[in-house]
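# Fold and geometry: a report
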Amino acid sequence: MVDKAIDAVMDAIDIETYLVCRDPNEGKALALKLGQELNLGDIDIMFEEFDGYGVRVRLRKYIYKPGAQYRWLTH
């Protein structure tokens with residue numbers, strides 16, 4: 001049993017949302033800003049699709065980068 005749910009995350013947390021914006025560049029900037037506003041630190045944009053009104057994005061926050069010492073392996 002883990003103390004915190006985040007300790008049970010295998011590798012990353014993904015957030016998917018739709019951001020209203022003028023163009024793909026503004027959408028990307030807003031996605032990165034959203035990661036900062038949510039205090040996620042460094043995030044990666046895994047997917048982005050602009051449709052003329054906004055952009056659908058999937059952000060990824062790695063809890064454990066590949067090759068890291070996985071906490072869930074020690075419990």
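Since the structure is predicted, the reported quantities are computational estimates derived from the model, not experimental observations.

## Description of the overall build of the protein chain
Looking only at helices and strands, one finds one helix and three strands in the protein chain. Across the protein chain, helices and strands are ordered from the amino to the carboxyl terminus as β-α-β-β. Taken over the C-alpha trace, the protein chain has a radius of gyration of 15 Å; the compact-globule value for 75 residues is 11 Å, which it surpasses by more than 25%. The principal-axis extent of the C-alpha atoms belonging to the protein chain is close to 45 × 20 × 15 Å. Restricting to contacts in the protein chain with at least 6 residues of sequence separation, those with at least 24 account for 56%. A total of about 5600 Å² of accessible surface is found on the protein chain, and carbon and sulfur atoms cover 51% of it. Positive and negative side-chain charges in the protein chain, numbering 10 and 13 respectively, have mean positions lying 4 Å apart.

## Considering the nonpolar core
The tendency in soluble globular proteins is for nonpolar side chains to be buried as a group. Residues Leu19, Cys21, Ala31, Leu40, Ile43, Val55, Val57 and Leu59 constitute the largest nonpolar core, which totals eight residues. Of the residues forming this core, the biggest block, three residues, is contributed by strand β3 (residues 54-62). Those residues in contact with Leu59, other than ones at most four positions away along the chain, are Ile13, Asp14, Ile15, Ala31, Leu34, Ile43, Asp44 and Ile45.

## Things to note about a nonpolar patch on the surface
A cluster of nonpolar side chains, Tyr18, Val20 and Tyr53, forms an exposed patch at the surface whose accessible area comes to about 370 Å². Here Tyr53 shows up in the loop between β2 (44-50) and β3.

## Some points on the sheet that holds strand β1 (residues 12-20)
Ordered by their spatial adjacency, three strands build an open sheet running β1-β3-β2, and the pairing between neighbours is antiparallel. One side of each edge strand has no neighbouring strand; the edge strands of this open sheet are β1 and β2. Shown here is a sheet whose adjacent strand axes are inclined to one another by a mean of 15°, direction ignored. Relative to β3, β2 runs antiparallel, the two being bridged by six bridges. Counted as the bridge partner of Asp44 is Arg60 from β3. Seen against the sheet, helix α1 (residues 24-37) touches β1, β2 and β3 and runs at an angle of roughly 145° to β2.

## So, the pattern of salt bridges
Side chains that differ in charge, positive against negative, can pair when their charged atoms come close. Counted under the stated rule, the structure contains four salt bridges. For Asp14, the salt bridge is made with Arg60, and the minimal N-O distance between the two is 2.6 Å. Within this pair, whereas Asp14 is found in strand β1, its partner Arg60 is found in strand β3, the two being separated by 46 residues in sequence. Ionic pairing is found between Glu16 and Arg56, a salt bridge with its closest N-O pair at 3.9 Å. Highlighted residues: Glu16 in strand β1 and Arg56 in strand β3, separated in sequence by 40 residues. We classify Glu16 as partly exposed; its relative accessible area is 43%. Among the ionic contacts, a cluster of salt bridges with common partners joins Glu16, Arg56 and Arg58.

Cut-offs applied
Residues numbered from 1 in each chain as written. Predicted model: local features only at pLDDT ≥ 70, side-chain atom pairs only at ≥ 80, totals over all residues. Heavy atoms only, no water. Helix = DSSP H or I, 4+ residues; strand = E, 2+ residues; numbered from the N terminus. Rg over C-alpha atoms; globule rule 2.2 N^0.38 Å. Contact = heavy atoms within 4.5 Å. Areas by Shrake-Rupley, 256 points an atom, 1.4 Å probe, with all protein chains shown as cover. Lys, Arg positive; Asp, Glu negative; His and termini not counted. Charge placed at Lys NZ, Arg CZ, Asp CG, Glu CD. Core = buried A, V, L, I, M, F, W, Y, C linked by side-chain atoms within 4.5 Å. Buried < 20%, exposed > 50% of the residue type's maximum accessible area, 1.4 Å probe, protein only. Patch = residues over 30% accessible without salt bridge, like charges linked within 9 Å, V, L, I, M, F, W, Y side chains within 5 Å. Salt bridge = Lys/Arg side-chain N within 4 Å of Asp/Glu carboxyl O. Pairing = 2+ DSSP bridges. Axes fitted to C-alpha atoms, helices over the stretch in contact; angles between N-to-C directions.

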